[in-house]
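# Geometric and topological summary
Letter by letter, the chains look like this.
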There are 2 protein chains.
Amino acid sequence: MIKLNTNECPYPPAPGVARLAAGMDCNAIRLYPDSNTASLTCALADYYHVKKEQVFVGVGSDDVLSMAFLTFFNGSLPILFPDVTYSFYDVWAKLYRIPYKTCPLDESWHINPNDYKQPNGGIIFPNPNAPTGLLESLDTVEEIVKANPGVVVIVDEAYIDFGGVSALPLLEKYDNLLIVQTFSKSRAMAGMRIGFCIGNERLIQYLKDVKFSFNSYTINMPSQVIGVEAVRDEAYFKEITGKIIATRERIKNVLRDLKFTFPDSCANFIFASHEAVPAKEIFTKLRERDIYVRYWDKPRISNSVRITIGTDAQMDALTDALREICNNA
Amino acid sequence: MIKLNTNECPYPPAPGVARLAAGMDCNAIRLYPDSNTASLTCALADYYHVKKEQVFVGVGSDDVLSMAFLTFFNGSLPILFPDVTYSFYDVWAKLYRIPYKTCPLDESWHINPNDYKQPNGGIIFPNPNAPTGLLESLDTVEEIVKANPGVVVIVDEAYIDFGGVSALPLLEKYDNLLIVQTFSKSRAMAGMRIGFCIGNERLIQYLKDVKFSFNSYTINMPSQVIGVEAVRDEAYFKEITGKIIATRERIKNVLRDLKFTFPDSCANFIFASHEAVPAKEIFTKLRERDIYVRYWDKPRISNSVRITIGTDAQMDALTDALREICNNA
């Protein structure tokens, strides 16, 4: 089975993680975990050169994003996000009864910053975007953040470590910016459920106030302990993200040869469409071969499959299968 | 430092937990955890002799309770719960804009089932109750469940394993009953954040529908793996809960000798009030001795401290300190 459908990392977490897990004091799990997640918060603050008061940790970035929707998106004006984007934004908006409006990506799948200059109750977009993998420039991000001083602009950087440029430096200039990242992709720890965001101290305090008002203990103890190691081992982190980027660039060429087109992904996946074979057929025929990619039967994106970048061997098996499927079509 | 303020278990988790943790495949944490928490759900279903479709697992019982509030308490009539009870019920009601009404416990801290026969949008109470530790009989629980066939009645059994009688057998007769339990107390795993509930298959399906609609992956992989071991080792579970019960009964006598009064706790804590020394003073003077108990400056309960049952040695240190504090008062 080759699993290329949920954008996980094909490489194991940092070697120190296994050492720490094996040496963990199991007696300590009888106690509630540190509700402030202090060690992990400090490790992240050190790594990203921000104050620990600028970091908020949650149970995966879904938890962080959901909490940010609840905390910051409570005006009467609609929040704005792209029409093609992460599939949970409209879900949380509905859950918390937040009015929302989607802004269509342009024909090359890019965000038009002018769309985000209308009256709104907040803005969220991923960069790179999903499922396209397209990166917006820091200038575009800044243009949107700068044009909206009265609301919170959330940049969801789940895939930023695969060659993107983070908006973190903009935090020095803008207090309405919140940057969300995750351990589930580039840090190879989807199983531990760790996400975090970095922003102005005041925004982070609001998030904490909301979170602690109804749930004190969410990040389990092992995630707190071994999450720190994943942050500290920068060399390993660079090594595995570098390998994934190299594989992605190599596979882009193979896919082009196979007559696929795709936005030029800066993430750990490629959103590809074939000139002759419908995406649904590709998805189904790959599944028959025990190769899993992601397909959505939704407007604008129903003729593409999203393929996670796996190991080189996994990607070679995938492209062999695609060659068969497309040549026989 | 003696920590008797958050009702954790003073004994380590089941011995197999440490073995499993040490042998855990850290490569597996690069993948998302099983969103259905299948192994843990099945272990719980086996242990409690229910179908796996009757079990829902969450990130601690706070997550399960919060999800149950969101799922089941959405009518226009107020939900009902005791005036003295777990401090998060009114928080979740406010969070989800659920109208609520509290029913006063009687002068002996018991629930009056007649209070729960008025029109309502749902009912929740802990059994044993917190912070009193008082157990209601299965007859009382059944009387309330039976009188409210049109709404969901949640019995929060966080402390049931310390000598209480669970309402689980009532599930055969009532489809409006939801029973919530936790791994944080009797199963000595507060650090892993595992809670669960058991109810009619249809109620559990509703809970899953709501949960999966906005967050697929919440229970991390290690919690799923080692949680199973905590359920399977019944002998150890009986041993540690038995020890805590024995310590509790012994300490009740010591506290009586020291002129404390308290509801006759069936939980792993005692809610005690001294005939002469104010609770706030006891709380403060214990803290000066590095002994931590819980105190609330709230109506009806501001003259009691809640003392978690620790090891015999911890409790002897506590009662020695109380003897000093009360004799010198």
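Preceding block: the structure.
Heads up: these notes are all about the structure in this document. None of the values given here were measured: they were computed from a predicted structure. (Residues numbered from 1 in each chain as written. Chains lettered and ligands numbered in written order. Predicted model: local features only at pLDDT ≥ 70, side-chain atom pairs only at ≥ 80, totals over all residues. Heavy atoms only, no water.)

### Some remarks on the overall build of chain A
A tally of regular secondary structure across chain A gives ten helices and 13 strands. For chain A, whose C-alpha radius of gyration is 20 Å, the value lies close to the compact-globule estimate of 20 Å for 329 residues. Referenced to the eigenvectors of the C-alpha coordinate spread, the extents of chain A come out at roughly 60 × 55 × 30 Å. When the 329 residues of chain A are sorted by exposure, 61% land in the buried category. Counting only contacts in chain A whose residues sit at least 6 apart along the sequence, the fraction spanning at least 24 positions is 73%. Accessible surface for chain A amounts to roughly 12600 Å². Of this, 50% is attributable to carbon and sulfur atoms. Charge separation in chain A, taken as the distance between the mean sites of 34 positive and 39 negative side-chain charges, equals 3 Å. (Helix = DSSP H or I, 4+ residues; strand = E, 2+ residues; numbered from the N terminus. Rg over C-alpha atoms; globule rule 2.2 N^0.38 Å. Buried < 20%, exposed > 50% of the residue type's maximum accessible area, 1.4 Å probe, protein only. Contact = heavy atoms within 4.5 Å. Areas by Shrake-Rupley, 256 points an atom, 1.4 Å probe, with all protein chains shown as cover. Lys, Arg positive; Asp, Glu negative; His and termini not counted. Charge placed at Lys NZ, Arg CZ, Asp CG, Glu CD.)

### Regarding the interface of chain B and chain A
Chain B puts 48 residues into the contact, and the matching count from chain A is 47 residues. Summed over both sides, the interface of chain B with chain A buries roughly 3700 Å², with 62% coming from carbon and sulfur. The largest contributions to the chain B side of the interface with chain A come from Arg30(B), Tyr32(B) and Phe214(B), which together make up 19% of the buried area. Applying the counting rule to chain B against chain A returns zero salt bridges. At the boundary of chain B with chain A, the tally comes to 18 residue pairs in polar contact (both at pLDDT 80 or more). The biggest single contributor to the side of chain B that touches chain A is helix 1 (residues 15–22) of chain B, with four residues. (Buried area = accessible area lost by both parts, 1.4 Å probe. Salt bridge = Lys/Arg side-chain N within 4 Å of Asp/Glu carboxyl O. Polar contact = N/O pair within 3.5 Å; in protein donor to acceptor, adjacent residues only side chain to side chain.)

### Remarks on the sheet that holds strand 9 (residues 260–261) of chain B
Residues and elements named next belong to chain B. Ordered by their spatial adjacency, four strands build an open sheet running 9-10-13-12, and the pairing between neighbours is antiparallel. Each edge of the sheet is formed by a strand with only one pairing partner; in this case those strands are strand 9 and strand 12 (294–295). Where strand 12 lies against strand 13 (residues 305–308), two bridges are found, and the strand directions are antiparallel. Paired with tyrosine 295 across the two strands is valine 305, which belongs to strand 13. Sitting on the sheet, helix 8 (residues 234–257) touches strand 9 and strand 10 (269–274), and the angle it makes with strand 10 is about 0°. Where helix 10 (residues 312–327) meets the sheet, it contacts strand 9, strand 10 and strand 13, and its direction lies at approximately 150° from that of strand 13. (Pairing = 2+ DSSP bridges. Axes fitted to C-alpha atoms, helices over the stretch in contact; angles between N-to-C directions.)

### A short note on the pattern of salt bridges
Residue and element names in this part refer to chain A. Summed over all chains, the structure comprises 34 salt bridges over all chains. We note a salt bridge from lysine 52 to glutamate 53, for which the minimum N-O separation is 3.2 Å. With a relative accessible area of 34%, glutamate 53 lands in the partly exposed category. For aspartate 90, the salt bridge is made with lysine 94, and the minimal N-O distance between the two is 3.8 Å.

### Let's talk about the relation of the copies chain B and chain A
Each copy of the sequence occupies a distinct position, and chain B is placed on chain A by a rotation of 180° and an axial shift of 0.0 Å, giving an RMSD of 0.0 Å. Both chain copies can therefore be described as sitting about a two-fold axis. Across chain B, the smallest distance between a C-alpha and the rotation axis is recorded for Ala22(B), namely 2.1 Å. Looking at the interface residues of chain B, 98% of them are also at the interface in chain A, so both copies use one shared face. (Least-squares fit on C-alpha atoms with pLDDT ≥ 70 in both.)

### Observations concerning the sheet that holds strand 10 (residues 269–274) of chain A
Residues and elements named next belong to chain A. Read from one edge of the open sheet, four strands run 9-10-13-12, paired in antiparallel fashion. Each of the sheet's edge strands pairs with one partner strand only, and the pair in question is strand 9 (260–261) and strand 12 (294–295). Its contacts with the sheet place helix 8 (residues 234–257) against strand 9 and strand 10, and it is angled at close to 0° to strand 10.

### Regarding the environment of Leu135(B)
Residues and elements named next belong to chain B. The residue leucine 135 is located in the loop between strand 5 (123–126) and helix 5 (138–146) in this model. For the pair formed by leucine 135 and histidine 110, sequence separation is 25 residues and the distance between their alpha carbons is 8.3 Å. Every residue in contact with leucine 135, bar those within four places of it in the chain, is listed here: His110, Asn127, Pro128, Ile160, Gly164, Val165 and Cys266.

### Some details on the environment of Phe269(B)
Residue and element names in this part refer to chain B. Checked against the element boundaries, phenylalanine 269 lands in strand 10. Put simply, phenylalanine 269 and glutamate 8 are 261 residues apart on the chain and 9.6 Å apart in space, counted from C-alpha to C-alpha. Those residues in contact with phenylalanine 269 that sit more than four places away from it in its chain are Asn7, Asn129, Ala130, Pro131, Thr132, Gly133, Tyr159, Arg306, Ile307, Thr308 and Ile309.

### What about the state of the cysteines?
Residues and elements named next belong to chain A. The tally for this structure, following the rule as stated, stands at zero disulfides over all chains. The closest cysteine sulfur to the non-disulfide-bonded cysteine 197 is located on cysteine 42, 15 Å from its own sulfur. Looking at cysteine 197, the relative accessible area reads 0%, which means it is buried. (Disulfide = S-S within 2.5 Å.)

### What about the packing of aromatic side chains?
Residue and element names in this part refer to chain A. Under the counting rule described, the total for this entry stands at 38 aromatic pairs over all chains. Note on tyrosine 48 and phenylalanine 196: the rings are 5.8 Å apart at their centroids and 35° apart in plane angle, and the pair reads as tilted. Residue tyrosine 48 is found in helix 2 (residues 38–48), and its partner phenylalanine 196 is found in strand 8 (residues 195–199); the two are separated by 148 residues along the sequence. Judged by its relative accessible area of 14%, tyrosine 48 is buried. On the accessibility criterion, phenylalanine 196 (1% relative accessible area) is buried. (Phe/Tyr/Trp six-rings, centres within 6.5 Å; stacked < 30°, edge-to-face > 60°.)

### Looking at the side chain of Ser273(A)
Residue and element names in this part refer to chain A. Tracing the backbone through its elements, the reader meets serine 273 in strand 10. Owing to a relative accessible area of 16%, serine 273 belongs among the buried residues under this scheme. Reaching out from serine 273, the side chain makes a polar contact with the backbone oxygen of asparagine 303 at a distance of 3.0 Å. Here serine 273 is in contact with Lys259, Phe260, Thr261, Asn303 and Ser304, once residues within four sequence places are set aside.

### Some remarks on the environment of Glu281(A)
Within the fold, Glu281(A) resides in helix 9 (residues 279–288). Distance in space between the C-alpha atoms of Glu281(A) and Cys326(A) is 9.9 Å, their sequence separation being 45 residues.

### Looking at the packing of helix 3 (residues 60–72) of chain A against helix 6 (residues 201–214) of chain A
All names here are of chain A. Interaxial distance between helix 3 and helix 6 falls to 9 Å at its minimum, and their mutual angle equals 100°. With respect to helix 6, the element helix 3 is oriented roughly perpendicular. On helix 6, the residues touching Met67, Ala68, Leu70, Thr71 and Phe72 of helix 3 are Leu203, Tyr206, Leu207, Val210, Lys211 and Phe214. Here the contact of helix 3 with helix 6 is composed, by residue class, of nine nonpolar, one polar and one charged. (Parallel < 35°, antiparallel > 145°, perpendicular 65-115°, else oblique. Nonpolar A, V, L, I, M, F, W, Y, C, P; charged D, E, K, R; others polar.)

### What about the side chain of Ser61(B)?
All names here are of chain B. As for its placement among the helices and strands, serine 61 is situated in helix 3 (residues 60–72). Residue serine 61 is classed as buried on the basis of its relative accessible area of 11%. When residues no more than four places from it in sequence are discounted, the contact partners of serine 61 are Val180, Gln181, Thr182, Ile194 and Gly195.

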